[in-house]
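# Examining the three-dimensional arrangement
Chain by chain, the residues run as shown.
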Amino acid sequence: MLPLEYLIGTYNPIDRPYIFGDPTQWTPLQLDIVLGVANAKYHEFVRAADYIARLVRSRLITKQDGVDTLHEAALYNGLYAEYGRDEIQSIIATAFESEVA
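To keep things clear, this report deals only with the structure shown in the data block. Just so we're clear, the structure is a prediction, and the values are computed from it rather than from any experiment.

Judged by nonpolar contacts, the single largest core of 17 residues is most densely connected at F45, L70, I88 and F96. Among the secondary structure elements, those contributing two or more residues to this core are helix 3 (40-57), helix 4 (63-76), helix 5 (79-83) and helix 6 (85-97). Sort the elements by how many residues they give to this core and helix 3 lands first, with seven residues. In this structure, I88 is in contact with F45, A74, L79, Y80 and Y83, ignoring residues within four places of it in sequence.

Written as structure tokens, this is what we have:
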């Protein structure tokens, strides 16, 4: 997940300092919404990994197809670049180790 520090110095598209100023001065609502959106891809990938692992355990797809699908999704959405290979592979491994897939 992305921390608040990730937002410091971010682009201010409409030059409205009361909305896009210093993130350390934001209201709890602003923090919740902005960080929630920033982390949405991460959380959706975790859900997708769990879903794929369930499909594998149900024998609807092979483990290799499931892992390949997750790898492609991570590449396409820039998750390896944003969170690092170790974090993304850890998410995949955790989903598959909850029950041997």
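As a further point, take helix 4. Look at helix 4: 20 Å from first C-alpha to last across 14 residues, which is about the 20 Å you get at 1.5 Å a residue. All of the buried residues along helix 4 are G66, L70 and A74. Around the axis of helix 4, the buried residues are gathered within 70° of arc, so they sit on the same side. Pointing more than 90 degrees away from the buried face of helix 4 are the exposed residues Q64 and Y76. One or two residues past the end of helix 4 sits G78, with phi positive at roughly 70°.

This part covers a nonpolar patch on the surface. Together, L29, I33, V34 and V37 make up a nonpolar patch on the protein surface, roughly 370 Å² of accessible area in all. Mapped onto the secondary structure, I33 falls in helix 2 (residues 28-38).

With respect to the helices, strands and loops of the structure, L70 is situated in helix 4. L70 gets classed as buried once you look at its relative accessible area, which sits at 2%. Spatially, the C-alpha atom of L70 lies 10.0 Å from that of I91, the residues being 21 residues apart in sequence. Here L70 is in contact with F45, A48, A49, I52, I92 and F96, once residues within four sequence places are set aside.

Reading the values: rules and limits
- Residues numbered from 1 in each chain as written.
- Predicted model: local features only at pLDDT ≥ 70, side-chain atom pairs only at ≥ 80, totals over all residues.
- Heavy atoms only, no water.
- Core = buried A, V, L, I, M, F, W, Y, C linked by side-chain atoms within 4.5 Å.
- Buried < 20%, exposed > 50% of the residue type's maximum accessible area, 1.4 Å probe, protein only.
- Helix = DSSP H or I, 4+ residues; strand = E, 2+ residues; numbered from the N terminus.
- Contact = heavy atoms within 4.5 Å.
- Expected span 1.5 Å × (residues − 1).
- Arc of directions from axis to C-beta.
- Patch = residues over 30% accessible without salt bridge, like charges linked within 9 Å, V, L, I, M, F, W, Y side chains within 5 Å.
- Areas by Shrake-Rupley, 256 points an atom, 1.4 Å probe, with all protein chains shown as cover.
- Salt bridge = Lys/Arg side-chain N within 4 Å of Asp/Glu carboxyl O.

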